[in-house]
Amino acid sequence: MKHGKQSSLSKNHMRQERYEEYDVIVIGGGSAGMMAAGRAAECGARVLLLEKNEELGKKLLITGGGRCNLTNVGPDFLEKFGKDKKFLFSPFSRFGVEDTLRFFNERKVPIKVEALGRVFPESDQAQSVWAALSRYMDEGRVEVRRNVFVKGFEAQSGCIIGLRIGGNDEVLRASSYVLATGGLSHPETGSTGDGFRFLKELGHTVRDPEPSLVPIRVRERWVHALSGTALEDAALSVYQDGKKIFIRRGKMLFTHFGLSGPMVLNMSREAKELMKRQQVELMLDLLPGTDQGAIDKRIQAIFLEHQNKRVKNILSGIIPAVFSEAVLALAGVDSGKPAHSVSREERLSIGRVIRRMPMTISGFLGPEKAIITSGGLVPYEVDFRSMCSKKYRNLYVVGDILDIDRPSGGFSLQLCWSTGFVAGESAAQYAMSVQAV
Ligand SMILES: Cc1cc2nc3c(=O)[nH]c(=O)nc-3n(C[C@H](O)[C@H](O)[C@H](O)COP(=O)(O)OP(=O)(O)OC[C@H]3O[C@@H](n4cnc5c(N)ncnc54)[C@H](O)[C@@H]3O)c2cc1C
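Remember, predicted model here, so these are calculated numbers, not experimental data.

Undergrad: What is the right way to look at the packing of aromatic side chains in this model?
TA: Counted under the stated rule, the structure contains 14 aromatic pairs. Ring geometry for Phe77 and Phe411: centres 5.2 Å apart, planes at 40°, overall tilted. A residue pair is termed long-range when its members are at least 10 positions apart, and Phe77 in the loop between β3 (71-72) and α3 (85-94) and Phe411 in helix α12 (residues 411-436) qualify at 334 residues. In this structure Phe77 comes out as buried when scored by relative accessible area, which is 12%. Phe411 sits in the buried class, given a relative accessible area of 4%.

Undergrad: So what exactly am I meant to see when it comes to the pairing of strand β17 (residues 357-364) here?
TA: Regular strands place their side chains on alternate faces of the sheet. Within β17, six of the eight residues are buried, which leaves it mostly tucked inside the rest of the structure. Pairing of strand β12 (residues 216-218) with β17, which is carried by three bridges, proceeds in the antiparallel orientation. Pairing of Val218 across the sheet is with Ile361, part of β17. Where strand β16 (residues 281-285) lies against β17, four bridges are found, and the strand directions are antiparallel. Within β17, the position partnered with Glu281 by the bridge is Thr360.

Undergrad: Quick question: what am I supposed to make of the sheet that holds strand β9 (residues 170-172) here?
TA: Strand pairs in the sheet, formed through backbone hydrogen bonds, run parallel or antiparallel to each other. Taken in spatial order, the three strands make up an open sheet running β7-β8-β9, and their pairing is antiparallel. Of all the strands in the sheet, the pair left with one neighbour each is β7 (150-156) and β9. With direction set aside, neighbouring strand axes in the sheet form an average angle of 30°. Bridge count for strand β8 (residues 159-165) against β9 is three bridges, and the pairing is antiparallel. Across the sheet, the residue bridging to Arg164 is Val171, located in β9.

Undergrad: Whenever I open this one, the packing of helix α2 (residues 31-42) against helix α5 (residues 126-139) confuses me. Can you help?
TA: Any two packed helices are characterised by the angle at which their axes cross and by the distance between the axes. At a minimum axis separation of 8 Å, α2 and α5 run at an interaxial angle of 30°. One way to sum up the angle between α2 and α5 is to call them roughly parallel. Our pair here, α2 against α5, has a crossing hand that is left-handed. Contacts from Met34, Met35, Ala37, Gly38, Arg39 and Glu42 in α2 reach Trp130, Leu133, Ser134, Tyr136 and Met137 in α5. Residues of the contact of α2 with α5, tallied by class, amount to seven nonpolar, two polar and two charged.

Undergrad: Please explain the sheet that holds β16 as it appears in this structure.
TA: An order of β12-β15-β14-β13-β16-β17 is seen for the six strands of this closed barrel, with the pairing classed as antiparallel. When the angles between neighbouring strand axes are averaged without regard to direction, this sheet yields 45°. Relative to strand β14 (residues 243-254), helix α8 (residues 262-275) is tilted by about 145°, and along the sheet it contacts β12, β13 (230-240), β14, β15 (258-260), β16 and β17.

Undergrad: Sorry, what's going on with the environment of Leu286 here?
TA: Within the element layout of this structure, Leu286 appears in the loop between β16 and α9 (292-305). A relative accessible area of 6% places Leu286 in the buried class. Leave out the neighbours within four places in its chain, and Leu286 touches Leu231, Asp233, Ile319, Phe323, Val327, Ile354, Arg355 and Met357.

Undergrad: Please clarify how the environment of Ala339 should be interpreted in this entry.
TA: Examined against the element boundaries, Ala339 turns out to sit in the loop between α10 (324-331) and α11 (344-355). For Ala339, a relative accessible area of 3% translates into the label buried. Between the C-alpha atoms of Ala339 and Leu304, which are 35 residues apart in sequence, the distance is 7.7 Å. Residues in contact with Ala339, not counting those within four places in the same chain, are Phe303, His306, Gln307, Lys309, Val311 and Ile314.

Undergrad: I tried to follow the domain arrangement of the protein chain on my own but got confused; where do I start?
TA: Its domain assignment divides the protein chain into domain 1 (9-212 + 372-436), domain 2 (216-287) and domain 3 (292-358). Each of domain 2 and domain 3 was reduced to a C-alpha centroid, and the two centroids are 23 Å apart. The partner domain 3 presents 16 residues to the 13 residues of domain 2 that form the contact. Roughly 1,300 Å² of surface becomes buried between domain 2 and domain 3 when both sides are summed, with 68% attributable to carbon and sulfur atoms. Put simply, domain 2 and domain 3 have one salt bridge between them. The interface formed by domain 2 and domain 3 contains five residue pairs in polar contact (both at pLDDT 80 or more). For the side of domain 2 that touches domain 3, the elements supplying multiple residues, two or more each, are β13 and β16.

Undergrad: Please clarify how the side chain of Thr419 should be interpreted in this entry.
TA: Considering the arrangement of structural elements, one finds Thr419 in helix α12. Look at Thr419 and you get buried, because its relative accessible area is 0%. If we ignore the near neighbours within four places in the chain, the residues touching Thr419 are Met387, Val398, Gly399 and Leu402.

Undergrad: I would appreciate a short explanation of the pairing of strand β2 (residues 47-50) in the present structure.
TA: What you see with β2 is no split at all: Val47 and Leu49 on one side and Leu48 and Leu50 on the other are buried throughout. Strand direction decides the pairing type here: strand β1 (residues 22-27) and β2, joined by four bridges, are parallel. Note that in β2 the partner of Ile27 across the bridge is Leu50. Note that the unit made of β1, α2 and β2 has a crossover that is right-handed. With three bridges joining them, β2 and strand β6 (residues 143-145) adopt parallel strand pairing. Directly across from Leu49, in β6, lies its bridge partner Val144.

Undergrad: Help me understand the layout of surface pockets in this model?
TA: In this model, the second largest pocket occupies a volume close to 480 Å³. The wall of the second largest pocket is formed by 21 residues, among which Lys80, Pro262, Asn266, Pro407 and Ser408 lie closest to the centre. For the lining of the second largest pocket, the elements supplying multiple residues, two or more each, are β14 and α8. Looking at the lining of the second largest pocket element by element, the count peaks at six residues for α8.

What counts, and at which threshold
Residues numbered from 1 in each chain as written. Predicted model: local features only at pLDDT ≥ 70, side-chain atom pairs only at ≥ 80, totals over all residues. Heavy atoms only, no water. Phe/Tyr/Trp six-rings, centres within 6.5 Å; stacked < 30°, edge-to-face > 60°. Helix = DSSP H or I, 4+ residues; strand = E, 2+ residues; numbered from the N terminus. Buried < 20%, exposed > 50% of the residue type's maximum accessible area, 1.4 Å probe, protein only. Pairing = 2+ DSSP bridges. Axes fitted to C-alpha atoms, helices over the stretch in contact; angles between N-to-C directions. Parallel < 35°, antiparallel > 145°, perpendicular 65-115°, else oblique. Left-handed = near helix turned anticlockwise from the far one by under 90°. Contact = heavy atoms within 4.5 Å. Nonpolar A, V, L, I, M, F, W, Y, C, P; charged D, E, K, R; others polar. Domains from an automatic or database assignment. Buried area = accessible area lost by both parts, 1.4 Å probe. Salt bridge = Lys/Arg side-chain N within 4 Å of Asp/Glu carboxyl O. Polar contact = N/O pair within 3.5 Å; in protein donor to acceptor, adjacent residues only side chain to side chain. Right-handed = clockwise from strand over helix to strand, strands pointing away. 1 Å grid on protein atoms, 1.4 Å probe; cavity = no way out; pocket = protein on both sides within 12 Å on 5 of 7 lines; lining within 4 Å. Points joined across faces, edges and corners; volume = space filled by probe spheres on them.

Listed below in structure tokens is the structure:
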């Protein structure tokens, strides 16, 4: 342990018998690992962070489209974690949303709140968040070793006694270890599921990871043609066997393969489950919450005002212009017709299509495009008061490697900050306790 905030720890340094080099080794330099390393060092531990990439936090830098949605201040925060919320009372009460805001504020990262409580750095740069975490680790003099591939753990009698790295199986030892190797999404960032393998080798239960929060592939060409279009407020209903199963409302994006954006990502898991049984249809509502009669009145008014204009050029008064061709095609109306020659039946059909544009799911993007992977270390094998494994007294597990369900919106990173903070502190305390023996 270092001299510093907790001066009594210096005595422990003298008594350190079992491990010469480090108090805490953190494996994985992503969001959770950086927070854990910083906190352990702040608590006085000598910390080594191992990262297989040439740089830390590659995934953090692409979060929120490069803007980093770092937490969420919306209501019912815990509820968003569904059945898993029971595990999270403790870490979120130790380091919750308010603590996250304070943490970044104190490190000169002013923040702003956007729709649905999403919090971003004012700079709109994930880099600011990354830099704050790097400074946090620097303040505690965390030693960082990049380009180091961790191969596995050595364990004995419920205790981790070392870890193997690199090609020559060099063994590194510390009093405690924080595993922060992430999940399986966007493997190019370094999250290739190594931690899942380590945990299985140690006898832990790992639920098979599957991509979760993924963009959806859609068959219809008109959808692909709208690539790049965003809708701030749309509704998508999910149908199976002609029956409406559920509906979601929010922001969505059109891409060259189908649909993405927060609302789509958040419904992807349920849609995927349904697809395992049978074909799933989607129905897009461009004007959710608007009465069908009111839509027809608006169409009538616009047609009257622009009687001689082509119908495809005037629908922009009601829906985003880029949708006009698709709506008219689905309604079976010639888009080149002047408004005055559109029949009543055709007009009503246009109104109906605006609220019901059918699409067919043809699949889901894979792990390389997922925001998170579901699956991972089952939560009942972790003591969430400390983030310690229930099988190994000096192993702490944090971030995406945990099998915790959550939606998009800043909840994943908050999970990283909370579990990282608690694990860093607990790992430092454990190191202190064994060295005091
Ligand atoms: C495109 C995208 C956008 C996202 N946007 C948001 C957002 O805006 N808000 C939000 O809350 N969440 C977002 N997420 C989710 C969020 O990024 C993750 O939940 C979070 O980064 C997970 O952090 P982690 O530290 O657990 O894992 P990771 O960030 O995956 O870090 C794990 C680290 O461990 C290293 N590692 C792995 N194996 C080894 C090994 N054997 N030896 C050494 N090092 C190893 C990896 O190289 C990596 O650096 C997004 C995810 C993606 C993919």
